Amino acid sequence: QVQLVESGGGLVQAGGSLRLSCVASGRAFSRYAMAWFRQAPGKEREFVGLISKSGGSTYYTDSVKGRFTISRDNAKNTVYLQMNSLKPEDTAVYYCAADTAAGSVVAAQWDYWGQGTQVTVSS
């Protein structure tokens, strides 16, 4: 099994930027599609975006398109989430996930999860 560890969360003002990282254990990182989800208090876990095994394809939920960018460095076993033009509604715990399958916008379809990192955007 792969272990995932997120980092990079924190407090930022609206309009600011933040870059999250997720480091995976093992040597088979390129075999996993990766995704970012987020969960705000009292709400369900929400899909943010995903990236294919090679990094050649990405997909985002409409609310973050044009503001967030997912990338990966397979040599470093790391996936990133660059967040620009942050809004208070982006406040949530952000989780990375991994799957050897093609990937899904449904959280329950992902096999492996990190512990999450808190992102708070002030107005």
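Small disclaimer: the values here were computed from a predicted structure and weren't measured. (Residues numbered from 1 in each chain as written. Predicted model: local features only at pLDDT ≥ 70, side-chain atom pairs only at ≥ 80, totals over all residues. Heavy atoms only, no water.)

**Student:** Can you help me understand the overall build of the protein in this one?
**Tutor:** From N to C terminus, the protein includes zero helices and 11 strands. Going from the N terminus to the C terminus, the protein shows its helices and strands as β-β-β-β-β-β-β-β-β-β-β. Expected size for 123 residues packed as a compact globule is a radius of gyration near 14 Å; at 13 Å, the protein falls within 12% of this value. In terms of its C-alpha atoms, the protein occupies a principal-axis envelope of roughly 40 × 25 × 25 Å. For the protein, the proportion of its 123 residues judged to be buried stands at 42%. By element, 46% of the accessible surface of the protein is carried by carbon and sulfur atoms, the whole surface being about 6300 Å². Averaging the locations of the 12 positively and 9 negatively charged side chains of the protein gives two centres separated by 7 Å. (Helix = DSSP H or I, 4+ residues; strand = E, 2+ residues; numbered from the N terminus. Rg over C-alpha atoms; globule rule 2.2 N^0.38 Å. Buried < 20%, exposed > 50% of the residue type's maximum accessible area, 1.4 Å probe, protein only. Areas by Shrake-Rupley, 256 points an atom, 1.4 Å probe, with all protein chains shown as cover. Lys, Arg positive; Asp, Glu negative; His and termini not counted. Charge placed at Lys NZ, Arg CZ, Asp CG, Glu CD.)

**Student:** Is there a simple way to explain a nonpolar patch on the surface in this structure?
**Tutor:** Judged by side-chain polarity, Tyr59, Val105 and Val106 come together as a nonpolar surface patch covering roughly 270 Å² of accessible area. Here Val106 lies in the loop between strand S9 (92–99) and strand S10 (112–113). (Patch = residues over 30% accessible without salt bridge, like charges linked within 9 Å, V, L, I, M, F, W, Y side chains within 5 Å. Salt bridge = Lys/Arg side-chain N within 4 Å of Asp/Glu carboxyl O.)

**Student:** Looking at this structure, how should I read the nonpolar core?
**Tutor:** Within soluble globular proteins, side chains that are nonpolar generally end up buried alongside one another. Counting residues in each nonpolar core, the largest one holds 28 residues, and the members touching the most others are Leu4, Met34, Trp36, Leu81, Met83 and Tyr94. Mapped by element, the contributors of at least two residues to this core are strand S3 (18–24), strand S4 (33–39), strand S5 (46–51), strand S7 (68–73), strand S8 (78–83), S9 and strand S11 (117–122). In this structure, Ala35, Phe47, Ala97 and Trp110 belong to the second largest nonpolar core, which totals seven residues. (Core = buried A, V, L, I, M, F, W, Y, C linked by side-chain atoms within 4.5 Å.)

**Student:** What should I look at first to understand the pattern of salt bridges in this one?
**Tutor:** Opposite charge on two side chains lets them pair, provided their charged atoms get close. This model, assessed by the stated rule, comprises four salt bridges. Among the salt bridges present, the one from Arg38 reaches Asp90, with a minimum N-O distance of 3.0 Å. Taken together, the residues Arg38 in strand S4 and Asp90 in the loop between S8 and S9 connect sequence positions 52 residues apart. Each member of the pair, Arg38 together with Asp90, is buried. Across the salt bridge formed by Lys65 and Asp62, the nearest N and O atoms sit 3.1 Å from each other. One continuous salt-bridge network, built from bridges that share partners, spans Arg38, Glu46, Arg67 and Asp90.

**Student:** Any chance you could explain unusual backbone geometry here in plain terms?
**Tutor:** Negative phi is the rule for most residues except glycine; trans is the rule for most peptide bonds. Even without glycine at this site, Asn77 takes up a positive phi of about 55°. The residue Asn77 is located in the loop between S7 and S8 in this model. The exposure class assigned to Asn77 is buried, which follows from its relative accessible area of 12%. A positive phi angle, near 50°, is found at Ser85, a position not held by glycine. Examined against the element boundaries, Ser85 turns out to sit in the loop between S8 and S9.

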